[in-house]
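Read off the chains here:
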Amino acid sequence: MAMTSSPPAGGGSWDGNSWNGNGYGNGSAGAAPAPAAVDRPLTGFGLFGPRHQRHTLSVEQLDSLALPIGDDGVVVGVDADGQPAVLGVNRPTPYDMVLIGGLWTAQVLALRAAATGARVAVETGRAQAWAQLVQAVGGGQSGMTVHDVGRVPPQGASAGGPVLVVRDCGMRPPRGRVASAPWQSVLTLLPYLSPVAPRLMRQARLVGVQRVSPDEAAEIGRVIGLPRGEWESLPTLADGVTLWCTDRDRQYVMTQATDAETGLLGNARRMD
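Residues numbered from 1 in each chain as written. Predicted model: local features only at pLDDT ≥ 70, side-chain atom pairs only at ≥ 80, totals over all residues. Heavy atoms only, no water.

1. So, helix α5 (residues 214-224)
Think of an α-helix as turning once every 3.6 residues; residues three or four places apart then point the same way.
Here is step 1 of the chain: What α5 keeps buried is the set Glu 216, Ala 217, Ile 220, Gly 221 and Val 223. Down the axis of α5, the buried side of the element spans an arc of 165°, and every buried residue falls inside it. Of the residues in α5, the exposed ones pointing more than 90 degrees away from the buried face are Pro 214, Asp 215 and Arg 222.
Here is step 2 of the chain: In this structure, the buried side of α5 is in contact with β5 (95-100), α4 (197-203), β10 (206-209) and α6 (228-233).
Here is step 3 of the chain: Of the residues flanking the end of α5, it is Gly 225, one or two places downstream, whose phi is positive at about 70°. (Buried < 20%, exposed > 50% of the residue type's maximum accessible area, 1.4 Å probe, protein only. Helix = DSSP H or I, 4+ residues; strand = E, 2+ residues; numbered from the N terminus. Arc of directions from axis to C-beta. Contact = heavy atoms within 4.5 Å.)

Put into C-alpha cells, the structure is as follows:
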C-alpha cells in the first residue's frame, strides 16, 4: 500500500527536512517545543522476543568446545564395562552383517532398528516365527514386512527411509535378490556354522558370534582371525551374549531385553 505524508494541522511549509510554521521542526522563534517521540512497535516483523547478551567465545576457548554426542544407531546391549554398545545400522554405504546365533537376538535387533525409524524387511522360511513381531511393529512401508525366501522386492532405501533386511534363511541361505546398498544394511542369521558361513563372514563388515561348539569356535577363529583366548571362550558364552567382530575391533556384548521386549519375545535364548 502506498504511504503519503500529510502536513500537520494549521498549515506551514516544508523546507526539505521538516515542516516550518506552527511550532514544528525549524519554525520561528517562540514556536512550541516538538512533542516527545512515542515508541511504536514496528508492524510486520513479528513479536518482540527476549533480549539477551550474545554468547561469544575467544579463539583460545574454541579448542575447549565439545558437543556431548555419542555414536548413533541401535543399542544392541551393554559391554563388559556396563556401557551401551551401539550398532550403526543406518549407513550411507553398503553394510553386511552376519550373526551366528539365535533368532531371539536377531529379532531384538530388528525390533530396535524399527524403533529408530528404519523399515525392516525379513526374508524367512518360517514366517510364523515373525508374525507376532510384525503385528507389534506394524506392517507396510513404515514398519516390518515378511517375505518368502528369494522374494524380497526392491526396498527403495534412502537417507530419509533407511532399510534393514534380515535374512533368516537357515544354514544355507541362497544368494539374495536384495543386496546391501546405500542406506540398506543386510543382517544374515545363521543358526550354526555352515559350509557357506566362511564366505559370508569374509564378505561381512561385522560378524557376531554366540555360543557354538568347540569345533565351530576353532573354525570361526581361523576364518576371522580371532586370538586363541577369544575363540576358546565361544563355547562358554551365556544366552544373550555375543562377540561382535570387525576388522579392527572385538567386543563382548550382553543384550538385555526391556520389559516390553521380554513380553513379546520371551527371555534371551540361544536356541529356538
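Back to the write-up after that little detour.
2. Quick word on the side chain of Gln 210
Here is step 1 of the chain: Note on placement: Gln 210 falls in the loop between β10 and α5.
Here is step 2 of the chain: Of the residues examined, Gln 210 reaches a relative accessible area of 2% and is grouped as buried.
Here is step 3 of the chain: At 2.7 Å, the side chain of Gln 210 and the side chain of Thr 105 are in polar contact.
Here is step 4 of the chain: Not counting residues within four places of it along the chain, the set of residues in contact with Gln 210 comprises Leu 99, Ile 100, Gly 101, Gly 102, Thr 105, Leu 234, Leu 237, Gly 240, Val 241, Thr 242 and Arg 270. (Polar contact = N/O pair within 3.5 Å; in protein donor to acceptor, adjacent residues only side chain to side chain.)

3. Some details on unusual backbone geometry
Here is step 1 of the chain: We note that Trp 183 has phi near 65°; this positive angle belongs to a residue other than glycine.
Here is step 2 of the chain: Of note, Trp 183 is situated in the loop between β8 (163-168) and β9 (184-190).
Here is step 3 of the chain: A relative accessible area of 25% places Trp 183 in the partly exposed class.

All quantities given are derived from atomic positions and should not be read as evidence of function.
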